[in-house]
Amino acid sequence: MTYNEIINYIDNEETGIAKGYSYQFLSDAFCLNTVKKIIQNDLNIFSEIEKSLLEIKEPLSGDFVIYGDNKIARLYKTFAGNYQISNGIGVYVSNGFSQGSGCVYDFDIEEQYRHCKSDDLVLTDAFKKGRCWTFSGNESGGGRGVYFEINFKVWKLEKCICPICRAGKLVEDGESIDSGICSKCGEQSYFQDAI
Ligand SMILES: [Zn+2]
């Protein structure tokens, strides 16, 4: 396979997955038919991975989260089972598994939204395509990574942080549907003022 042939093929491949491989990996495959087979196989693998991840009804690394004033970012699940919100992470996926890596601390996200627990996350009906990578043909090895976009679940961050101490969460006080008591400082505030 000549350089021009492979570049031309990569540029015109309709799903865009061809651009997700390292050039060396595809050129080593040498023959266009082999490249096409690798690509078809990996598209099937991504499709299976997408299905397996969407079936898991808990927040996963790589899932999207709507927070604050309708902003969107991705979830990073920590080893302790909590979550961080970031647009800087890389997302590795395999069947029924996803893992975030890289730049978890995102300075563009306001402090009060950077950390959350699964209780703060409400599943929406929406899906959103997100970038992720896996190993071509499910075989790990240097240069075998392939990037693609698959659908991820979308969550909504429903934090009710106390506007006074900014540490506790407002909990319904039973007196009025408009106000709640802070779980940390015990002060009463209105839900509309909560962060
Ligand atoms: Zn408070």
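Because the structure is a prediction, the values reported are computed rather than measured. (Residues numbered from 1 in each chain as written. Predicted model: local features only at pLDDT ≥ 70, side-chain atom pairs only at ≥ 80, totals over all residues.)

### Remarks on the overall build of the protein
Assigned secondary structure in the protein consists of 3 helices and 11 strands. If you list the helices and strands of the protein from N to C, you get α-α-α-β-β-β-β-β-β-β-β-β-β-β. Relative to a compact globule of 195 residues, whose C-alpha radius of gyration would be 16 Å, the protein shows 21 Å and is clearly more extended. Counting only C-alpha atoms, the protein reaches 75 × 30 × 30 Å along its principal axes. Evaluated residue by residue, the protein yields a buried proportion of 26% over its 195 residues. (Helix = DSSP H or I, 4+ residues; strand = E, 2+ residues; numbered from the N terminus. Rg over C-alpha atoms; globule rule 2.2 N^0.38 Å. Buried ≥ 20, exposed ≤ 12 C-beta atoms within 10 Å, placed from the backbone.)

### Points about the nonpolar core
Counting residues in each nonpolar core, the largest one holds 30 residues, and the members touching the most others are Ile49, Val65, Leu75, Ile85 and Ile150. If you list the elements that add at least two residues to this core, you get helix 3 (32-55), strand 1 (64-67), strand 2 (71-77), strand 3 (83-86), strand 4 (89-94), strand 7 (121-135) and strand 8 (145-157). At 6 residues, helix 3 tops the list of elements feeding residues into this core. Filtering out sequence-adjacent residues up to four positions away, valine 65 remains in contact with Ala73, Leu75, Ile85, Leu121, Trp155 and Leu157. (Core = buried A, V, L, I, M, F, W, Y, C linked by C-beta atoms within 7 Å. Contact = placed C-beta atoms within 7 Å.)

### What to know about the pairing of strand 3
Regular strands place side chains that alternate from one sheet face to the opposite one. What you see with strand 3 is no split at all: Tyr83 and Ile85 on one side and Gln84 and Ser86 on the other are buried throughout. Two strands pair when backbone bridges link them, and strand 2 and strand 3 are joined in this way by 4 bridges, in the antiparallel orientation. Bridge pairing links lysine 77 to tyrosine 83 in strand 3. Here strand 2 hands over to strand 3 after 5 residues, with glycine 81 in that stretch at a positive phi of 90 degrees. The sheet contact formed by strand 3 and strand 6 (residues 115-116) spans 2 bridges and is antiparallel. Bridge pairing links glutamine 84 to histidine 115 in strand 6. (Pairing = 2+ DSSP bridges.)

### Digging into helix 3
Helix length check: helix 3, at 24 residues, gives a terminal C-alpha distance of 35 Å against a target of 34 Å (1.5 Å per residue), a fit within 8%. Within helix 3, burial applies to Val35, Ile39, Asp42, Ile45, Phe46, Ile49 and Leu53. (Expected span 1.5 Å × (residues − 1).)

### Details of unusual backbone geometry
A positive phi is found at asparagine 138, a non-glycine position, where the angle reads about 60 degrees. The topology assignment puts asparagine 138 in the loop between strand 7 and strand 8. Within the chain, arginine 166 stands out as a residue other than glycine whose phi angle is a positive 60 degrees. Assignment of secondary structure puts arginine 166 in the loop between strand 8 and strand 9 (170-172).

### Some remarks on the pairing of strand 2
Across 4 bridges, the pairing between strand 1 and strand 2 is antiparallel. Looking across to strand 2, one finds that tyrosine 67 is bridged to lysine 71. Adjacent in sequence and paired antiparallel, strand 1 and strand 2 are bridged by 3 residues, among which glycine 68 carries a positive phi angle near 55 degrees.

### Examining the sheet that holds strand 9
Taken together, the 3 strands give an open sheet; going across it, the order is 9-10-11, and neighbouring strands pair in antiparallel fashion. A strand with exactly one partner marks an edge of an open sheet, and here the two such strands are strand 9 and strand 11 (188-190). Recorded for the sheet is a direction-independent mean angle of 50 degrees between the axes of neighbouring strands. In this sheet, strand 10 (residues 179-182) lies alongside strand 9 in antiparallel orientation, the contact comprising 3 bridges. Bridge pairing in strand 10 places valine 171 opposite isoleucine 181. (Axes fitted to C-alpha atoms, helices over the stretch in contact; angles between N-to-C directions.)

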